[in-house]
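Chain residues, written in single-letter form:
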Amino acid sequence: MSQFAQEIMLMVVAGLLGGLAARALKQPLLLGYLVAGAVIGPYTGLIGGSDITRISMLADVGAALLLFTLGLEFPLKSLRPIRGIAFYGAGIQVVLTFAYCWGVGWALGFPGSQALWFAAGMVSSSTAVILKTLSNQGYSGSLSGRIMLGMSIVQDLAVIPIMILLCNLQRGDGNWFGVVRPILYAVGFVLLMGGIGSRLATRLFRWVAKLHSGELFLLVTTSLALGIGALTGYFGLSFAFGAFVAGMVLSESDYSRKALSELGPLRDIFVLIFFVSVGMLCDPRFLWERWPLILAVLALATIGRGLILMGVAYLFGYRRVVPFAVLFGMLPISEMSFVLIQQGRSLEAISNDTYSLILNVTILSMLLGPLGAALTQPVYRWFRKLVPERVQPLREVDWSEPEPNEVLIAGGGRFSAELAETLIGIGRRCRVIEPQHQEFEEARDRRLPVLFGDPAQPVILNAAGVAQARLLVVAAGSVLETRSVVESARELNPELPIIAVLDQHDEPGKSAWPPGVEILPAPLAVRFETLRRILPVLGWGLPEIHNLMLRLLPEQVRHDAGRDRHGFPLLLQFLGTAARQVRSGGLAGRTIRESGLREEHGVWVIGVSRGEHFLPLPDGDFELQAGDWLLLLGSTEACETLNQEVPADGQT
């Protein structure tokens with residue numbers, strides 16, 4: 001085995017151990033990767049003769065995939081409600097922070113160009129750490145959480161042209177057009193991707209999805225991420241820039257969540273390699289010898305940037321806890337800093353000492369980020385004791401988001417589409433998660449709210465809003481597929497009621513399923529029986545449900561029983577419905593054919609309710625039992641005279 005292969009294996013194992021340690025300490029996994037890289041790095045002597053340049057090539061791939069998926073996960077439309085502070089506020093903050101940190105670098109004695117690179121590395125906050133911290137604290141959907149995520153995304157976007165400008169200044173020959181040209185290329189690339197690239201990529205995704213191959217979909221997604229990044233690199237732009245913009249543009253596509261779920265495992269491996277390789281470049285001896293300088297730079301950079309962010313939030317009209325949240329919650333420096341200083345080091349624009357200083361400051365800021373975020377509420381309460389809050393209205397923010405879906409329907413093809421149409425027809429909000437591309441396109445053509453992807457993937461369930469749903473209906477097919485969806489949904493929403501539709505011969509014992517999961521065998525699991533289980537969860541009473549069934553069943557009879565030449569003329573003269581209960585001594589023990597209801601009395605048995613189950617459209621060999629309720633279809637005259645012609649078993 002080659003030395004390079006051994007190094008990769010060691011990096012993966014070390015990253016695994018570091019990730020486990022970080023999870024045990026309730027810290028982001030990437031911090032474990034960074035520490036693991038520092039432990040096995042060349043400065044500790046645990047890996048002899050490591051080729052850092054070769055490892056950095058894999059790190060570039062990891063960075064591109066990370067930024068591509070970040071772009072997929074945070075579409076620009078999510079920033080519209082806070083576009084003022086997210087775009088203009090973040091832009092003002094980037095300019096002020098860049099100038100401030102440039103002054104800090106100059107005061108510390110950095111040469112002119114290195115002070116610029118230092119300032120560029122300090123302007124943005126880590127989206128990954130902020131997102132993980134907000135998720136752990138349960139503040140992802142709060143106003144302050146959305147502002148922090150929005151501003152951090154725009155900060156990352158701002159770092160990319162700054163990096164391009166610095167790289168070309170370093171390579172520059174005095175020709176200012178040569179310096180500005182990459183910026184023009186970047187603007188042109190964004191416009192081209194938004195106008196043409198997104199359409200071509202969507203068509204490519206659609207064509208590959210029709211092949212029903214997860215492997216090919218993964219390869220196409222990876223090729224787009226890396227290929228577009230390589231294309232931008234060919235024109236002198238950043239590899240990471242191309243991947244990030246491609247992700248943000250493709251996030252508007254119907255296939256973005258499918259791409260995100262397919263790319264996830266591969267992305268995670270390369271991200272692990274990226275952060276471990278970055279950690280390997282960290283010299284622990286430098287941290288030990290220069291810790292006073294590192295801590296001073298850390299305090300000056302992060303607190304100074306935090307105060308600027310706090311002032312910007314106040315300037316844009318946000319009060320109460322929001323300025324304190326952005327001060328403490330956005331302390332960690334962005335992972336874009338790693339990409340930037342690697343570029344600067346490869347161009348020899350910054351020295352090894354400056355590189356190590358920025359690297360150590362960035363890593364320490366990430367380590368301290370969750371701890372800083374935890375200070376928000378205590379410091380805010382302390383501040384309010386000193387400065388009592390004056391009564392003032394909260395800033396109104398129009399999120400322009402639809403209400404959450406009440407019912408999610410996972411898989412099921414035509415069954416799911418018909419169930420969704422029925423729910424929408426009675427005014428209930430629902431969404432279908434469809435893993436098969438043909439059924440997805442058919443549902444979309446019928447203007448149903450449908451999401452393409454595997455419902456067992458947490459990314460897909462989160463995109464569908466499983467955390468806010470009131471009920472999940474799983475019609476994924478086999479027991480194994482259904483169980484995977486149920487387990488993923490329960491991890492994201494432990495209290496969610498679930499109805500699982502299974503083939504009768506596949507039905508396991510009910511004890512094998514978690515509490516709150518109701519099993520319906522497929523012969524009974526048409527939309528009527530499923531509706532009868534769904535509607536009580538949504539607050540419907542039995543009279544409302546029965547009236548709905550009486551309205552819907554005739555439509556299904558026209559649809560499904562039209563091929564019966566004997567019964568079809570009767571359907572055409574349908575004018576009414578009735579319900580009767582079978583009692584012993586009457587129709588009990590007879591089949592529907594033997595009952596003579598159709599031939600002798602002109603009524604059609606369109607459903608039988610037995611105990612907790614409802615069977616629509618039973619065939620003629622179905623044997624009636626005492627206690628069954630029969631739903632009958634026929635003319636009004638036939639329904640009214642039925643009681644006179646048939647011994648009274650009971651009626652409604």
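Before reading on, note that the structure itself is shown above.
Residues numbered from 1 in each chain as written. Predicted model: local features only at pLDDT ≥ 70, side-chain atom pairs only at ≥ 80, totals over all residues. Heavy atoms only, no water.

Trainee: Please give an account of the overall build of the chain that cites residues and values.
Mentor: Within the chain, the regular secondary structure consists of 27 helices and ten strands. Considering the chain as a whole, with its 652 residues, one finds that 52% of them fall into the buried category. Taking all contacts inside the chain whose residues are at least 6 apart in sequence as the whole, residues at least 24 apart take part in 74%. Counting every atom, the chain has about 30,100 Å² of accessible surface; 59% of that belongs to carbon and sulfur. (Helix = DSSP H or I, 4+ residues; strand = E, 2+ residues; numbered from the N terminus. Buried < 20%, exposed > 50% of the residue type's maximum accessible area, 1.4 Å probe, protein only. Contact = heavy atoms within 4.5 Å. Areas by Shrake-Rupley, 256 points an atom, 1.4 Å probe, with all protein chains shown as cover.)

Trainee: Give a detailed account of the pattern of salt bridges, specifying residues and quantitative values.
Mentor: By the definition in use, this model includes seven salt bridges. A salt bridge links Asp353 to Arg290, with the shortest nitrogen-to-oxygen separation between them at 3.8 Å. Note that Asp353 is positioned in helix H16 (residues 352-373) and Arg290 in the loop between helix H12 (284-289) and helix H13 (291-315), a separation of 63 residues in sequence. Given the relative accessible area of 42%, Asp353 is considered partly exposed. Arg290 gets classed as partly exposed once you look at its relative accessible area, which sits at 32%. Here Glu441 ties to Arg444 by a salt bridge, and the two come within 3.5 Å at their closest N and O atoms. Of this pair, Glu441 and Arg444 are both found in helix H19 (residues 437-445), three residues apart, which corresponds to roughly one turn of the helix. Judged by relative accessible area, which is 25%, Arg444 ranks as partly exposed. One salt-bridge network, held together by shared partners, links Arg206, Glu441 and Arg444. (Salt bridge = Lys/Arg side-chain N within 4 Å of Asp/Glu carboxyl O.)

Trainee: Can you explain a nonpolar patch on the surface? Please cite residues and give values.
Mentor: A contiguous nonpolar surface patch, about 400 Å² in accessible area, is contributed by Val35, Val39, Leu367, Leu368 and Leu371. Mapped onto the nonpolar patch, the elements with two or more residues apiece are helix H2 (29-40) and H16. No other element matches H16, which puts three residues into the nonpolar patch. Of note, Leu367 is situated in helix H16. Taking the relative accessible area as the measure of exposure, Leu367 reaches 31% and is therefore partly exposed. (Patch = residues over 30% accessible without salt bridge, like charges linked within 9 Å, V, L, I, M, F, W, Y side chains within 5 Å.)

Trainee: Give a description of H16 that names residues and reports values.
Mentor: The periodicity of an α-helix, 3.6 residues per turn, causes residues three or four positions apart to be oriented the same way. For H16, with 22 residues, the first-to-last C-alpha span of 31 Å sits near the 32 Å given by 1.5 Å per residue. Of all the bends in H16, the greatest, near 35°, is centred on Leu367, and the proline Pro370 appears no more than four residues after it. Among the 22 residues in H16, 17 count as buried, and that is most of the element. (Expected span 1.5 Å × (residues − 1). Bend = angle between axes of the 7 residues up to and from the residue.)

Trainee: Describe in detail the packing of aromatic side chains, supporting the description with residues and values.
Mentor: Scanning the model with the defined rule gives six aromatic pairs in all. Relative to Phe118, the ring of Phe110 lies with its centre 5.5 Å away and its plane at 65°, an arrangement referred to as edge-to-face. Of the two residues examined, Phe110 and Phe118, each falls in the buried class. Joined through ring pairs, the aromatic side chains of Phe324, Tyr380 and Phe383 make up one cluster. Positioned above the aromatic ring of Phe217, the side-chain terminus of Lys258 is 5.7 Å from the ring centre. (Phe/Tyr/Trp six-rings, centres within 6.5 Å; stacked < 30°, edge-to-face > 60°. Lys NZ or Arg CZ within 6 Å of the ring centre and 35° of its normal.)

Trainee: An account of the side chain of Glu441 is requested, with residue identities and associated values reported.
Mentor: Looking at Glu441, the relative accessible area reads 16%, which means it is buried. Excluding residues within four positions of it along the chain, Glu441 makes contact with Arg206, Lys210 and Tyr255.

Trainee: Describe the packing of helix H5 (residues 112-122) against H16, listing the residues and the values that go with them.
Mentor: It is the contact of H5 with H16, at a shortest axis distance of 11 Å, that shows an interaxial angle of 15°. With respect to their mutual orientation, H5 and H16 come out roughly parallel. Crossing of H5 against H16: the hand is right-handed. Counted together, Gln114, Trp117, Phe118 and Met122 of H5 and Thr354, Ile358, Val361 and Thr362 of H16 form the full contact between these two elements. (Axes fitted to C-alpha atoms, helices over the stretch in contact; angles between N-to-C directions. Parallel < 35°, antiparallel > 145°, perpendicular 65-115°, else oblique. Left-handed = near helix turned anticlockwise from the far one by under 90°.)

Trainee: Requested: an account of helix H14 (residues 322-329), with residues and values cited.
Mentor: The element H14 is largely enclosed, with a buried count of eight among its eight residues. Every buried residue of H14 is accounted for by Val322, Pro323, Phe324, Ala325, Val326, Leu327, Phe328 and Gly329.

Trainee: Pulling in residues and values, what's your account of the environment of Arg590?
Mentor: Considering the arrangement of structural elements, one finds Arg590 in the loop between strand S7 (576-581) and helix H25 (592-595). Since its relative accessible area comes to 36%, Arg590 is described here as partly exposed. As for Arg590 and Phe622, which are separated by 32 residues in sequence, their C-alpha atoms are 8.4 Å apart. Filtering out sequence-adjacent residues up to four positions away, Arg590 remains in contact with Ser595, Phe622, Glu623 and Leu624.

Trainee: Tell me what's going on with the nonpolar core, and back it up with residues and numbers.
Mentor: Membership of the largest hydrophobic core comes to 67 residues, with the highest contact counts inside it found for Leu34, Phe275, Phe338 and Leu359. Phe275 has contacts with Leu30, Tyr33, Leu34, Leu66, Glu335 and Phe338, leaving out every residue within four places of it along the chain. Leu65, Ala225, Val407 and Val432 belong to the second-largest nonpolar core, a separate cluster that totals 53 residues. (Core = buried A, V, L, I, M, F, W, Y, C linked by side-chain atoms within 4.5 Å.)

Trainee: Mind laying out the environment of Ala230, listing which residues take part and the relevant values?
Mentor: Counting through the fold element by element, Ala230 comes out in helix H9 (residues 214-234). Accessibility expressed as a relative area gives 47% for Ala230, which makes it partly exposed. As a C-alpha pair, Ala230 and Gly242 span twelve residues in sequence and 7.6 Å in three-dimensional space.

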